[in-house]
Amino acid sequence: ACAERVSDLFVRLSEDEMFRVRKACAENIVEISKAAPLHLRTDKFGPAMLKILRDNSKLGRHAALQHLGPFISTLVPIDDADFDDFGNFGDGAPSLPSALTTELVAHFVSATSNSDAGGDDAADADLRIHCAFSFPAVALAVGRHGWGLLRECHAALTRDVANAVRRCVACSLHVCARILGGEATERELAGAFEKLVQDESEDVRIGVVRNLANFLMILPPEVRARYTSLPREIFDGASQMNWRLRNHLAQQLEGLIALRDVGGVACVLAPLAFSLLDDAVSEVRESAAAAIPSLLRTLREPPPAAAGDGGATGSAARAALQEAVGRLEEAVGRLGDLAASRHFGRRQSFCTALAAIAREGALRDVVAADLLPRALVLADDPVTNVRWALRRALRSMPAELRGAEKVAAALVVLDDEEATWGSMVDCSAVLPEASTSAAAPAAAGSGGVDGALNVGGTGDEEASAEDASASSNDTTNASSTSLSTYESFEDARTDLS
């Protein structure tokens, strides 16, 4: 009863003689519709919205068009049951939109034209941005069977001159693909995808790249194969200054690897991963390092024939297994080249990748036999950031690897170094205040700097300094003793074995 009274009051306000009141109704109808029962949304709020859309005030009409997309999404109840296990919009989609929804969608589509702009280009562009931003919600409301109502609108938004409009379309392309499904996505969205991924605006391309794996996952496998080389083309076409595009591409590597067969991963994605792992920006390298475990797992997997498929001969199976081993050795060798590089950024990337690989139980043998010996050589690296990255990598290893004698010795030295730096930071926060309070009476008593330096000259400070120096020498000697055998990769590998 309360909802009925509120809805009746809202309808009366939407017909108020003051255009500001009607405009305020259009601006708040979405939140009120969300809180109302479904039958009131269609019986009361829907007709009220249509009246405001036909209002004689341009400000009222524009306010209604700006909020029309979110309002349409409230007319059709959608829950998680309407999506399948892969996130695609399944059989729960409405078969056909209602007459009310169809009429509202017609007004929504009109926002992409200049019919109501009145010569105001800024207002017209603003309406198109609102339309592009709320387009996925409207598409979800009408379902795949109602896509025909939105086809021309989507094509117009894809061709829009405003970068902000095309960027909204690019960011929501994978959502529309989930609503349409695989075959309809190929027919309706493949052209828009190819156009936006080559857009002149880097922001638009980023909108596509940040959801690249999610979009390609919807496509049928035979269609997806046409875009095998696309990630490399995106990387080669990216500006050196646009590191965000490369970072989003690196974040998509793991999902792209899951969609490709071993051949596609070895030929396209593996070289791309190592190119991103050698990027000049550290955030890009870290994103690429997170995909290295998936890359190694895929490269070491033999094809189904080698796993025992009935049609494979013994020689073919052995050849396939040897090919898988060769792919893995090549990838591990490229990681080893990073560890031996003269550039500290590459050595740090090796440690970051090692930390990600160490958390994968299936790759434990690769870590112990090939990567860990190369990593221990970096315990004496002259660059602090490399040593700290190595410490994080060793700390993330399983207990049986972390407990090895040489690994434990390296961790003791690296932990002591970290504690030393931490104590220096703590002292730097206290030292200025302490030195100020100690220097004042000293200067007053002796009349100069010499007196301030000799305050409390009992010899205890000198003894403490000597003890600290001796402790530092002991730590240094321990470090050189425990790690002296790791001056080369082969020495470290021999000791670990």
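Quick caveat: nothing in here was measured; it's all calculated off a predicted structure.

Caption draft 1: Examining the overall build of the chain more closely. Along the chain, the regular secondary structure elements total 30 helices and zero strands. The 497 residues of the chain split such that 44% are buried. Contacts in the chain between residues far apart in sequence, at least 24 positions, make up 69% of those at least 6 positions apart. A total of about 24,800 Å² of accessible surface is found on the chain, and carbon and sulfur atoms cover 53% of it.

Caption draft 2: Highlighting the packing of helix α3 (residues 38-53) against helix α6 (residues 99-110). Put simply, α3 and α6 touch, their axes get as near as 11 Å, and they point 25° apart. With respect to each other, α3 and α6 are oriented roughly parallel. By crossing handedness, the relation of α3 to α6 is classed as left-handed. Taken together, the residues of α6 that come into contact with α3 (itself represented by Thr 42, Gly 46, Pro 47, Met 49, Leu 50 and Leu 53) are Leu 100, Glu 103, Leu 104 and His 107.

Caption draft 3: How the structure looks around the pattern of salt bridges. Using the criterion set out here, one finds 23 salt bridges in the structure. Across the salt bridge formed by Asp 160 and Arg 128, the nearest N and O atoms sit 2.4 Å from each other. One end of the pair, Asp 160, is in the loop between α8 (151-158) and α9 (163-171); the other, Arg 128, is in helix α7 (residues 121-142), and 32 residues separate them in sequence. Note that Asp 236 is salt-bridged to Arg 232, the shortest N-O span being 3.4 Å. Here Arg 232 and Asp 236 lie together in helix α16 (residues 230-237), a separation of four residues that amounts to about one turn. Residue classification places Asp 236 among the exposed residues on the basis of a relative accessible area of 52%. One salt-bridge network, in which partners are shared between bridges, spans Glu 4, Asp 8 and Lys 44.

Caption draft 4: Local environment of the nonpolar core. Among the nonpolar cores identified, the biggest contains 127 residues, and Leu 104, Leu 335, Phe 350 and Leu 394 are the most heavily contacted of them. Counting residues per element, this core draws most heavily on helix α19 (residues 262-277), which supplies nine residues.

Caption draft 5: Representation of the packing of aromatic side chains within the structure. One pass over the structure, following the stated rule, counts four aromatic pairs. Taking 5.4 Å as the distance between ring centres and 70° as the angle between the ring planes, the aromatic pair formed by Phe 10 and Phe 45 counts as edge-to-face. Placement of Phe 10 in helix α1 (residues 2-14) and of Phe 45 in helix α3 is noted, with a sequence separation of 35 residues between them. The same class applies to Phe 10 as to Phe 45, namely buried. Between the aromatic rings of Phe 135 and Trp 147, the centroid separation amounts to 5.8 Å while the plane-to-plane angle is 90°, which identifies the pairing as edge-to-face.

What counts, and where the lines are drawn
Residues numbered from 1 in each chain as written. Predicted model: local features only at pLDDT ≥ 70, side-chain atom pairs only at ≥ 80, totals over all residues. Heavy atoms only, no water. Helix = DSSP H or I, 4+ residues; strand = E, 2+ residues; numbered from the N terminus. Buried < 20%, exposed > 50% of the residue type's maximum accessible area, 1.4 Å probe, protein only. Contact = heavy atoms within 4.5 Å. Areas by Shrake-Rupley, 256 points an atom, 1.4 Å probe, with all protein chains shown as cover. Axes fitted to C-alpha atoms, helices over the stretch in contact; angles between N-to-C directions. Parallel < 35°, antiparallel > 145°, perpendicular 65-115°, else oblique. Left-handed = near helix turned anticlockwise from the far one by under 90°. Salt bridge = Lys/Arg side-chain N within 4 Å of Asp/Glu carboxyl O. Core = buried A, V, L, I, M, F, W, Y, C linked by side-chain atoms within 4.5 Å. Phe/Tyr/Trp six-rings, centres within 6.5 Å; stacked < 30°, edge-to-face > 60°.

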